[in-house]
Amino acid sequence: MKILIIASYNKQRFAPFIEEQAEALKRAGCSIEWFGVKGKGIKGYISVLPQLKEKIRECKPDIIHAHYGLSGLLANLQRKVPVVTTYHGSDINNKKVRQFSKITMLLSKSNIFVSKATLEIAQPLCMNVRRRSPRNNYILLPCGIDLTDLQLTERHAARTAMHLSHNKRYVLFAGAFDNLVKNAPLAKAAVAELIEEENSVVELLELRGYTREQVTLLMCAADVFLLTSFTEGSPQVIKEAMACGCPIVSVDVGDVCERTEGVEGCFVSKSRESQELAILLGKALSFPGRTSGRDKIIADGLDNEHIAQRIMEIYESVVKKNDK
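Analysis parameters
Residues numbered from 1 in each chain as written. Predicted model: local features only at pLDDT ≥ 70, side-chain atom pairs only at ≥ 80, totals over all residues. Heavy atoms only, no water. Salt bridge = Lys/Arg side-chain N within 4 Å of Asp/Glu carboxyl O. Helix = DSSP H or I, 4+ residues; strand = E, 2+ residues; numbered from the N terminus. Buried < 20%, exposed > 50% of the residue type's maximum accessible area, 1.4 Å probe, protein only. Pairing = 2+ DSSP bridges. Axes fitted to C-alpha atoms, helices over the stretch in contact; angles between N-to-C directions. Contact = heavy atoms within 4.5 Å.

Chemist: Give a detailed account of the pattern of salt bridges, specifying residues and quantitative values.
Modeler: On inspection of all chains with the given rule, the structure shows 19 salt bridges. One salt bridge connects Glu20 with Arg212, and the closest N-O pair in it is separated by 2.8 Å. Here the residue Glu20 occupies a position in helix α1 (residues 16–27), and Arg212 occupies one in helix α10 (residues 212–221), the gap between them amounting to 192 residues. Judged by its relative accessible area of 16%, Glu20 falls in the buried class. Between Glu240 and Arg212 there is a salt bridge, with its nearest N and O atoms 3.0 Å apart. Taken together, the residues Glu240 in helix α11 (residues 236–243) and Arg212 in helix α10 connect sequence positions 28 residues apart. On the basis of relative accessibility, which here comes to 9%, the residue Glu240 falls in the buried class. A single salt-bridge network, built from bridges that share partners, covers Asp255, Glu258, Arg259, Lys296 and Asp300.

Quick look at the structure:
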């Protein structure tokens, strides 16, 4: 089966988790073609429709898999090839983008939502417009992650590899400090309170400018992983930190509660108060060794091999219905 993947290419590359999912689909037997969108906003996406149609004529895909709502809308502006769209959170949580995602949901043959929260927002939107549309083309399926041996690197070795001190406590922040959605001021306030309370040397590390391998090593090296975002879908970094056995402190956002449920050493704040986060950071810092997060990822079937098989089933269902 030949799949044409459509996603943003504004950073001169596709998002790593999309690339990793595509590699897993290849291993499952798919042939993968790519169409990268260099443009922002609805006008930027629609402007590349002629190039997309040319790509479709050239590679003749069985299915188009679009990542994010605007890519899905672009993909559906042609009606020859059935479209599967995955919504990752910002395309549903952002009200301005949501209106375009709403159209995409109606046109796509299958809609994949990565968290219950985004699915709960999306379903009523479509039903208000098209009450007779079938409800069986909505699927809850988080993106998976690759499970690697590098994720098993011991903390001491990881710190040595990343040139980090063995005498400090490190809190790894879930993104770049200047990414407004990630809410770095809250993270910085929580760490400042933690330092004041415990009178210890704790450093907040910014997750920016690293390779995939370096990110993994940082997650193995850190004492705790901290997420304070205003909005998320199903944050990949949480699953990746779990795979590394890193203790986690997070605000209640996206599907973090569901992902970390039952994993000792992982804590979700009931509020967005820096004081509560500081208390939870203290608990995470005192957790001995690795968490069982990796086992939870495996138990939940969230490795890319399992997710690829689920997506293949979606593709096969769409092609079957389209042939009728």
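Chemist: I'd like a rundown of the sheet that holds strand β7 (residues 169–173), residues and numbers included.
Modeler: Read from one edge to the other, the open sheet built from five strands follows the order β8-β7-β9-β10-β11, with strand pairing classed as parallel. Edge strands, defined here as strands with exactly one partner in the open sheet, are β8 (202–205) and β11 (266–269). Direction aside, the axes of adjacent strands within the sheet are offset by 20° on average. In terms of strand pairing, β7 meets β8 through four bridges, oriented parallel. Along β8, the bridge assignment pairs Tyr170 with Glu203. Contacts between helix α9 (residues 184–198) and the sheet are confined to β7, β8, β9 (224–227) and β10 (248–251), with β8 contributing the most and set at about 170° to the helix.

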